[in-house]
Amino acid sequence: MEESGGLPQERLVIHSGEAQQAFRYAVGRYGSRFFMELRDHRRILGIRCPGCRKVYVPPRQVCGPCFRRMDDLVEVAPTGILTAFTILRFSFLDPETGKPKPVPYGYGFIRLDGADNAFQHFIEIRDEGRIKIGVRVRAVFEEERKGNLADIRHFEVLEP
Ligand SMILES: [Zn+2]
């Protein structure tokens, strides 16, 4: 083995084998309703706090700032504003599929119309020059939906 600057030329690779682990978990009552609305009606649900009136997407039980229980589910628009984004150019394992997601792809925070917090999802980046903070985006739903976050394929930039 030749060395250059103290570093070996040979690179070792450790192969752990074909490990697979089935993983199932309950998404809860609010999560179930959220995913059913995506699947059955292409609707995005949020939940309104009875105290501060903020709407959170996806729905959760408790408002963090008020610490009040929430149960007022409301529909928000599939459109909103891109508030932050990144474009990923290095692949890693997608926790939803267990497989590397093809790069490049966009990922961003979207403040949906009618919501007060940011919803995170993939951003369509066919034309990277159009991806800017503050642009309006719209959810693109899959034709065949299964009741999970992938029922939204991604968000696409709307024409100015
Ligand atoms: Zn609140």
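Each value, and the rule that gives it
- Residues numbered from 1 in each chain as written.
- Predicted model: local features only at pLDDT ≥ 70, side-chain atom pairs only at ≥ 80, totals over all residues.
- Heavy atoms only, no water.
- Donors = N, O, S within 2.8 Å, 3.2 Å for Na, K, Ca; no water.
- Tetrahedral: all angles 85-135°; square planar, octahedral: opposite > 155°, others 65-115°.
- Helix = DSSP H or I, 4+ residues; strand = E, 2+ residues; numbered from the N terminus.
- 1 Å grid on protein atoms, 1.4 Å probe; cavity = no way out; pocket = protein on both sides within 12 Å on 5 of 7 lines; lining within 4 Å.
- Points joined across faces, edges and corners; volume = space filled by probe spheres on them.
- Nonpolar A, V, L, I, M, F, W, Y, C, P; charged D, E, K, R; others polar.

(A) The coordination of the zinc ion, seen in detail. For the zinc ion, the full set of protein donor atoms is Cys49 (SG), Cys52 (SG), Cys63 (SG) and Cys66 (SG), and the range of their distances to it is 2.3 Å. For the zinc ion, the four donor atoms are set out with angles of 106 to 113° between them, so the coordination reads as tetrahedral. Here the donor residues for the zinc ion map to a single chain with the spacing C-x2-C-x10-C-x2-C. Residue Cys49 is located in the loop between strand 3 (44–48) and strand 4 (55–56), and its partner Cys63 is located in the loop between strand 4 and strand 5 (72–76); the two are separated by 14 residues in the primary sequence.

(B) Geometry of the layout of surface pockets. Size it by volume and the largest pocket reaches roughly 540 Å³. Contributing to the lining of the largest pocket are 25 residues, with Asp94, Glu96, Tyr107, Phe122 and Leu149 lying nearest its centre. Elements that contribute at least two residues to the lining of the largest pocket include exactly helix 1 (28–41), strand 7 (105–112), strand 8 (119–123) and strand 10 (152–157). The greatest single-element share of the lining of the largest pocket, amounting to four residues, is contributed by strand 8. When its residues are assigned to classes, the lining of the largest pocket shows 14 nonpolar, five polar and six charged. Estimates place the volume of the second largest pocket at around 380 Å³. Contributing to the lining of the second largest pocket are Phe23, Arg24, Tyr25, Val27, Phe35, Pro95, Glu96, Gly147, Asn148 and Leu149. Class assignment of the residues belonging to the lining of the second largest pocket gives a composition of six nonpolar, two polar and two charged.

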